[in-house]
Amino acid sequence: MSPGGHLVTTVLACGAVYGVTGSSPLTAGLAAGGFFIDVDHVLDYVLFERRFRFSPRAFLRHYLEGRARRLVLILHSWELMGLLAVTASMTGSVWLWGYVLGMALHLPLDVKFNGRLTNQSLVPFYSFVYRWRRGFLHERLINQKPLARLHEGFWMIFFRGSRLRNPQVHAVHQPKLAERVLRSPAPPTPARAAGRSPASSHPRPRHLEAGPKPS
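Since the structure is predicted, the reported quantities are computational estimates derived from the model, not experimental observations.

Draft legend 1. Fine view of the overall build of the protein. What the protein contains, in helices and strands, is 11 helices and 0 strands. Helices and strands appear in the protein in the N-to-C order α-α-α-α-α-α-α-α-α-α-α. The proportion of buried residues among the 215 residues of the protein is 33%. Once local pairs closer than 6 in sequence are excluded, the contacts in the protein between residues at least 24 apart make up 63%. Accessible surface computed for the protein: about 14300 Å², of which carbon and sulfur atoms make up 65%.

Next up, the structure:
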């Protein structure tokens, strides 16, 4: 799901939870688990992609265009969500319960919407053990469909997210262009012009009209 999509869904969920419970810690935990969980993308970008010159737009394009080489994503895992749920039940931490609730919102949305961009189910991908056993390598984790290059501004990319490359762009437009070229008359080449006879290059003289016969 796009970052903007997570932001919208998290804000709506936080408003609903706070309206029902009136609990600030629960709402804050929900915000952290529902949206700020994506901070692990920044960690991957710097630590594993080795990109130290951070630009928000370049960062979004790097991930939304599928150019990442390693996907560690330490906070995106079913195992962590289960471990935090057990910890929250043992400690009674309201904030931690909110975080678990945020993760329970965030991860299924990623599975559903990001799954449209792949040729496989993403349920196993959000297991940390699954990614670890494959070396966190993108090509061994995801059978990615071709993604389009994103040339829009930051906020458009932020809310729109990834999209598939249109494979019919060239198939639709190029034949039409070829048809127009084939149907247009070809200009005379120098060789053809030089091969014309001198007589053919000048207009035929008109025949003089016969005058009156002498009587």
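Anyway, onward from the coordinates.
Draft legend 2. Region of interest: the confidence of the model for the protein. Across the protein, pLDDT averages 84, with 77% of residues at or above 70. Low confidence marks residues 169-175, where pLDDT is under 50. Its contacts with residues over four positions away, or in another chain, come to 1 contact.

Draft legend 3. Expanded view of helix H1 (residues 3-21). With 19 residues, H1 should cover 27 Å at 1.5 Å per step; its first-to-last C-alpha distance of 26 Å lies within 8% of that length. Looking at H1, one finds that the buried residues are Pro3, Gly4, Gly5, His6, Thr10, Ala13, Cys14 and Val17. On its buried face, H1 is in contact with helix H2 (24-34), helix H4 (56-64), helix H6 (94-114) and helix H9 (154-160). Backbone geometry just downstream of H1 places Gly22 in the positive-phi region, at approximately 70°.

Draft legend 4. Focus on the pattern of salt bridges. If you walk through the whole model with that rule in mind, you get 6 salt bridges. Between Glu65 and Arg67 there is a salt bridge, with its nearest N and O atoms 3.1 Å apart. A relative accessible area of 37% places Arg67 in the partly exposed class. Taking the shortest distance from any N to any O, the salt bridge between Arg163 and Glu152 comes out at 2.8 Å. Remark: Glu152 occurs in the loop between helix H8 (138-141) and H9 and Arg163 occurs in the loop between H9 and helix H10 (168-183); sequence separation between them is 11 residues.

Draft legend 5. Representation of the nonpolar core within the structure. With 28 residues, the main nonpolar core has Leu71, Met103 and Phe125 as its most contacted residues. The set of elements that each furnish at least two residues to this core consists of H4, helix H5 (78-91), H6 and H9. Per-element tally for this core: the top contributor is H6, with 6 residues. Ignoring sequence-local partners within four residues, the contact set of Phe125 consists of Leu71, Leu73, Tyr130, Arg131, Leu141 and Ile142.

Draft legend 6. Just unusual backbone geometry, in detail. Even without glycine at this site, Leu73 takes up a positive phi of about 50°. Along the chain, the position of Leu73 falls in the loop between H4 and H5. Of note, Phe136 is a non-glycine position whose phi angle comes to about 60°, a positive value. Mapping Phe136 onto the fold places it in the loop between helix H7 (128-133) and H8. Taking the relative accessible area as the measure of exposure, Phe136 reaches 14% and is therefore buried.

Analysis parameters
Per chain, residue numbering runs from 1 following the sequence as it is written. It should be noted that, the model being predicted, local features are given only for residues of pLDDT at least 70 and side-chain atom pairs only at 80 or more, the latter also being counted only at that level, while totals for whole chains, interfaces and linings use all residues. Side-chain calculation: all heavy atoms of the structure are included, whereas hydrogens and water are not. Each helix is a run of H or I in the DSSP string that is no shorter than four residues. Each strand is a run of E no shorter than two, and both are numbered from the N terminus. Relative accessible area decides the class of each residue, using a 1.4 Å probe on protein chains only: under 20% of the type maximum gives buried, over 50% gives exposed, and in between gives partly exposed. Residue contacts are counted whenever heavy atoms from the two residues lie within 4.5 Å of one another. All accessible-area figures derive from a Shrake-Rupley calculation using a 1.4 Å probe, and residue coverage is judged against the displayed protein chains alone. Per-residue confidence from the predictor is reported as pLDDT, which spans 0 to 100. A helix is expected to span 1.5 Å for every residue after the first. Any Lys or Arg side-chain nitrogen found within 4 Å of a carboxyl oxygen on Asp or Glu counts as a salt bridge. We define a nonpolar core as any set of buried Ala, Val, Leu, Ile, Met, Phe, Trp, Tyr and Cys residues linked to one another through side-chain atoms lying within 4.5 Å.

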